[in-house]
Amino acid sequence: FKKYVNINEVESSIPGGRKWKKKKKNNEINIGIQLDPSYITRVMMTLASIIDSQNLKTKLRFHFAVVLSFNVGSMLKIYSLRERMRDDVEFNYYDAKKVETDLKNLNTKGPGAVSKLLLPNILPKDIERLIVFDTGDLLVLKDLTIMYNLNMDNYLILGIRGGKVGK
């Protein structure tokens, strides 16, 4: 794929596909996730926990920074959560292969682990806030609305330090 694809829009363009209209809502939550082909199942577990724990009135928009020749089959596997769990979830995939060269060897787990760092630079301009999650060993059990709407004062980024920072 090129630099970006909204899989919901692709399905909407296929005869018989579910219709999709992109609308910004006040009650949306944008979630950023890094992804490479070796973490599909683990990412799906994290996504399922997010989808399952959110208020049904909240619009979920997932933004995946993908690397290592991530393919359409993998996109569709993840997209199957829409049919199985919640039809109004949006799935966007962004080409983050730039980290494969520019941030090579930054993380021992490979470029998939750092591709989320590109998201603020490659997202569409309509995304004003983003919660970025690590995946695979994360389950979300509560609604994210309070976290998403947290007053950030003058900070551009808020976060929690990784347990191995500095080691």
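It should be emphasised that the depicted structure is a prediction, and the values quoted were computed from it without experimental measurement.

Cut-offs applied
- Residues numbered from 1 in each chain as written.
- Predicted model: local features only at pLDDT ≥ 70, side-chain atom pairs only at ≥ 80, totals over all residues.
- Heavy atoms only, no water.
- Helix = DSSP H or I, 4+ residues; strand = E, 2+ residues; numbered from the N terminus.
- Polar contact = N/O pair within 3.5 Å; in protein donor to acceptor, adjacent residues only side chain to side chain.
- Buried < 20%, exposed > 50% of the residue type's maximum accessible area, 1.4 Å probe, protein only.
- Pairing = 2+ DSSP bridges.
- Core = buried A, V, L, I, M, F, W, Y, C linked by side-chain atoms within 4.5 Å.
- Contact = heavy atoms within 4.5 Å.
- Salt bridge = Lys/Arg side-chain N within 4 Å of Asp/Glu carboxyl O.
- Axes fitted to C-alpha atoms, helices over the stretch in contact; angles between N-to-C directions.
- Parallel < 35°, antiparallel > 145°, perpendicular 65-115°, else oblique.
- Left-handed = near helix turned anticlockwise from the far one by under 90°.

Right, let's talk about the side chain of Arg86 for a bit. Its location among the elements puts Arg86 in the loop between helix 3 (72–84) and strand 4 (90–95). Among the polar contacts listed, one links the side chain of Arg86 to the backbone oxygen of Leu56, at a separation of 3.3 Å. Side-chain polar atoms of Arg86 contact the backbone oxygen of Thr58, separated by 2.2 Å.

So, on to the pairing of strand 4. Of all 6 residues that make up strand 4, 6 are buried, and the element is covered over most of its length. Residues Glu90, Asn92 and Tyr94 of strand 4 are buried on one face, and the alternating residues Phe91, Tyr93 and Asp95, pointing to the opposite face, are buried as well. With 3 bridges connecting them, strand 1 (residues 4–6) and strand 4 associate as antiparallel partners. Counted as the bridge partner of Tyr4 is Tyr94 from strand 4. Pairing geometry for strand 3 (residues 59–66) and strand 4, over 6 bridges, is parallel. By the bridge assignment for strand 4, Phe62 is matched with Phe91.

What follows deals with the nonpolar core. Of all hydrophobic cores here, the largest spans 29 residues; its most connected members are Ile31, Phe62, Phe64, Ile78, Phe91 and Tyr93. Going through the elements one at a time, strand 2 (28–35), helix 2 (40–53), strand 3, helix 3, strand 4 and strand 5 (131–133) are the ones with two or more residues in this core. For this core, the leading source of residues is helix 2, giving 6 residues. Sequence-distant contacts of Ile78, defined by excluding residues within four places in its chain, comprise Leu35, Ile40, Met44, Leu47, Phe64, Phe70, Phe91 and Tyr93. Counting 10 residues, the second-largest nonpolar core is a separate cluster that includes Val67, Tyr94, Ala96 and Leu123.

This part covers the pattern of salt bridges. Evaluated as defined, the whole model comprises 10 salt bridges. For Arg18, the salt bridge identified is with Asp87, shortest N-O distance 2.7 Å. With Arg18 in the loop between helix 1 (7–13) and strand 2 and Asp87 in the loop between helix 3 and strand 4, the pair connects residues that are 69 residues apart, well separated along the chain. One connected set of salt bridges, linked through shared partners, spans Glu28, Lys59, Arg61, Glu90 and Asp126.

Turning our eyes to something else, we now look at the packing of helix 2 against helix 3. It is at 9 Å that the axes of helix 2 and helix 3 come closest, and there the two elements cross at 25 degrees. The orientation of helix 2 with respect to helix 3, classified from their angle, is roughly parallel. Between helix 2 and helix 3 the crossing geometry is right-handed. Facing Ile40, Thr41, Met44, Leu47, Ala48 and Ile51 of helix 2, the residues of helix 3 in contact are Ser74, Lys77, Ile78, Ser80 and Leu81.

With respect to the secondary-structure elements, Leu123 resides in the loop between helix 5 (119–122) and strand 5. With 59 residues separating them along the chain, Leu123 and Phe64 place their C-alpha atoms 9.9 Å apart. In contact with Leu123, other than residues within four places in its own chain, are His63, Tyr94 and Leu130.

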